[in-house]
Amino acid sequence: MTPGVASSIARADGPLKLAVPRGALFGETLDMLDAVGVDTSGPRGDSRSLIFETDGVTLVTMRPSDVPTYVEAGAADVGITGKDVLLEQADREVYELLDLRYGYCRMIVAARDGDDPLGEPLRRRGSVRIATKYPRIAHDHFARTGRQAEIVEVKGSVEIGPLTGLVDAIVDLTASGRTLAENHLVEHEEIVECTARLIANPVSHKLKAPEIDALLEKMRAVVAQ
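This report concerns the structure included in the present document. This is a predicted model, so every value here is computed, not measured.

What about the nonpolar core?
Reasoning step 1: Membership of the largest hydrophobic core comes to 27 residues, with the highest contact counts inside it found for Leu18, Leu33, Leu59, Val78, Leu100, Leu198 and Met219.
Reasoning step 2: Of all the elements in the fold, those that place two or more residues in this core are strand 1 (16-21), helix 1 (26-35), strand 3 (57-62), strand 4 (78-82), strand 5 (95-99), strand 11 (196-200) and helix 10 (209-224).
Reasoning step 3: For this core, the element with the most residues is helix 10, which contributes five residues.
Reasoning step 4: Non-local contacts of Leu59, meaning those with residues more than four positions away in its chain, are made with Leu18, Val20, Leu33, Val38, Asp39, Pro43, Leu50, Ile51, Phe52 and Thr54.
Reasoning step 5: Of all hydrophobic cores here, the second largest spans 14 residues; its members include Phe142, Ala149, Val171 and Ile191.

Quick word on helix 6 (residues 135-144)
Owing to its 3.6 residues per turn, the α-helix brings residues three or four apart onto one side.
Reasoning step 1: Looking at helix 6, one finds that the buried residues are Ile137, Ala138, His141 and Phe142. Seen along its axis, helix 6 keeps its buried residues to an arc of 120 degrees; they face one direction.
Reasoning step 2: Buried residues along helix 6 sit against helix 4 (83-88), strand 6 (105-112), strand 7 (128-132), strand 8 (149-153), strand 9 (169-174) and strand 10 (185-194).
Reasoning step 3: Just downstream of helix 6 lies Gly146, where phi reads positive at about 75 degrees.

Thresholds, definitions, all that
Residues take numbers from 1 onward in each chain, read along the sequence in its written order. With pLDDT at 70 or above as the cut-off, local features in this predicted model cover only qualifying residues; side-chain atom pairs require 80 or more to be listed or tallied, and sums for whole chains, interfaces and linings still use all residues. For the side-chain quantities, the full set of heavy atoms in the structure was used; hydrogens and water were omitted. Residues enter a nonpolar core if they are buried and are Ala, Val, Leu, Ile, Met, Phe, Trp, Tyr or Cys, with the set joined through side-chain atoms within 4.5 Å. Exposure is judged per residue with a 1.4 Å probe applied to protein chains only, and the accessible area is read against the type maximum: over 50% gives exposed, under 20% gives buried, and values in between give partly exposed. Elements are defined by DSSP. Helices are runs of H or I of four residues or more, strands are runs of E of two residues or more, and each kind is numbered from the N terminus. In this analysis, two residues are considered to be in contact whenever any of their non-hydrogen atoms come within 4.5 Å of each other. By arc we mean the arc of the directions from the helix axis to the C-beta atoms, nothing more.

Structure follows, in structure tokens:
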């Protein structure tokens, strides 16, 4: 991959900047950082700060979906985010370095329980309507499987879509399946399994190779345990 202009602000001097995802991956990410010797007492505390200086590493906390943006631009040298985010932002110029093996969930297609919730709309009107927060992943999945899909991007609870008749099905992440069951939806297809991933800015990967390689090897050792 050829680094783009946006990657050029990365510098060899200064501490390694690591983008940390808040939300569902936050706790396990801090546990991983503890395991490789990074002090996480700052982000674990009550401070409302988003940036924490530690010995040799600066932690920058943000939404998981923002991590590739900051890493691509060089505002963070490395970062941790979900595979779902990387698939949805597949055009980001970042290196995926390691599957961290936590934050496991699956991207699936789900619909109301019925005889043929996906096939019947295809026969009747030639396409299915899909509600999702992941339009790229949804579009690519249905295109790859040879089906026409009208993608409806939503920001809130996608489960409402089939229940109100807005769409035929949803594409979303699931871990336990509990939310689906509570909304009388069932899984029909699995698209991909997702876990947390370590990513790097292409320029930083060269300029800060010793620091990034050392972090990578420590994380790889933790994952292998």
